[in-house]
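Close look at the chain arrangement
Listed here are the chains, written in short residue letters.
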Amino acid sequence: MTKPKVRDLLERRGDLLQLEALTGDVGLDRDIPAPEASSPGLVLAGYTKRFAANRIHILGETEVTYLASLDAAARRRALETLLQFELPCVVISKGQEPPAELVELARTRGVAVIRTRLKTAEFYRRLKPFLDDAFAPATTMHASLADVFGVGLLFLGRSGIGKSECVLDLVERGHRLVADDVVHVTRRGNDVLIGRGHELSQHYMEIRGVGLIDIRALFGIRAVRQQKRIEVVVQLEDWVLEITLPLVTVPLNPGKNLTVVCEVVAMNHLLRYSGVDSARSFNDRLLKRLAERRQLQEYLEEDNE
């Protein structure tokens, strides 16, 4: 897994996080090695034994006012203690003015100092999705992904079997394309898989005999979506990034309406989530009917009059 850099944070989330690099380009090419952020805590007071240096460190109002309360020599010692570690970067929240010694020492040690206008708690909240996404386990698959009745169907199969044509037919029937040919799959939490297309080929589809087509241009913005949770795998595989998913195998033969079958797969998946299992209900009805007939047969056999 390629670790994100401080520069990625500024370029991808700079506007959302209201970021401003106070040290210019210094330290922007440092890796962010961990998916957590925290405040320096007691390290500013000299206690360093349990300091997690590999995280993004945020100086909130408490830390900045504490540093301001120290005399110049003590403040410099506190900041030297902090910056002796290989920190990814230091963030000043709430638009506060950082101590001059912090910017000076950070430049010397090649550590970026970044300021955000957000309050500390809000900054943590907005930063977390970036870190979660950057460090999430991921893989790239040769597949197609569609949103059918709100259910993410991942189509797997050998090249040329008709994955793209099936998804195109679903789009024509009012469903939505997420990705075709290349699907980037990311694991979120313990059991959630999110699929999206490659940023260059997203919402384009290659149809044999036709060529490359732009689904968004042809069918409108409502025919596509940026990403979708994968909930059902159709056709070949039921194990992606160690997450078990329902497998539906559809035998193909000439004349089979695969699109309607896929719509039924999605609707049946939704029905199960609502607590209705058609196969189980049918089996329960069958067992009940057999039990009733058995009781009737026993009654007739015992009726000797």
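Whatever comes next refers back to the structure up there.
Residues numbered from 1 in each chain as written. Predicted model: local features only at pLDDT ≥ 70, side-chain atom pairs only at ≥ 80, totals over all residues. Heavy atoms only, no water.

1. A few points about the overall build of the protein
As a reminder, the rule being used: Helix and strand assignments follow DSSP, with helices taken as H or I runs no shorter than four residues and strands as E runs no shorter than two, numbered in order from the N terminus. For the exposure calls, accessible area comes from a 1.4 Å probe over protein chains only, and a residue counts as buried if that area is under 20% of its type's maximum, exposed if over 50%, partly exposed in between.
Counting its secondary structure elements, the protein contains nine helices and 18 strands. For the protein, the residues scored as buried account for 41% of the 305 residues in total.

2. Brief notes about the nonpolar core
As a rule of thumb, soluble globular proteins bury nonpolar side chains together. Put simply, the rule is: In this text, buried Ala, Val, Leu, Ile, Met, Phe, Trp, Tyr and Cys residues form a nonpolar core when linked through side-chain atoms within 4.5 Å. Contacts between residues were defined by any pair of non-hydrogen atoms, one from each residue, lying within 4.5 Å.
Core analysis: the largest hydrophobic core is formed by 22 residues, its most contacted members being Leu-153, Phe-155, Val-167, Leu-170, Met-205 and Ile-215. Among the elements of the structure, β7 (144–148), β8 (151–155), α6 (163–172), β12 (204–207), β15 (232–234) and α8 (258–273) are those that each provide at least two residues to this core. Considering every element that reaches this core, the biggest residue donor is α6, with five residues. Contact partners of Val-167, with chain neighbours within four places excluded, come to Ser-144, Ala-146, Phe-155, Leu-177 and Met-205.

3. Comments concerning unusual backbone geometry
Notably, Gln-18 is not glycine yet its phi reads approximately 55 degrees, a positive angle. Topologically, Gln-18 is positioned in the loop between α1 (6–13) and β1 (19–21). On the accessibility criterion, Gln-18 (24% relative accessible area) is partly exposed.

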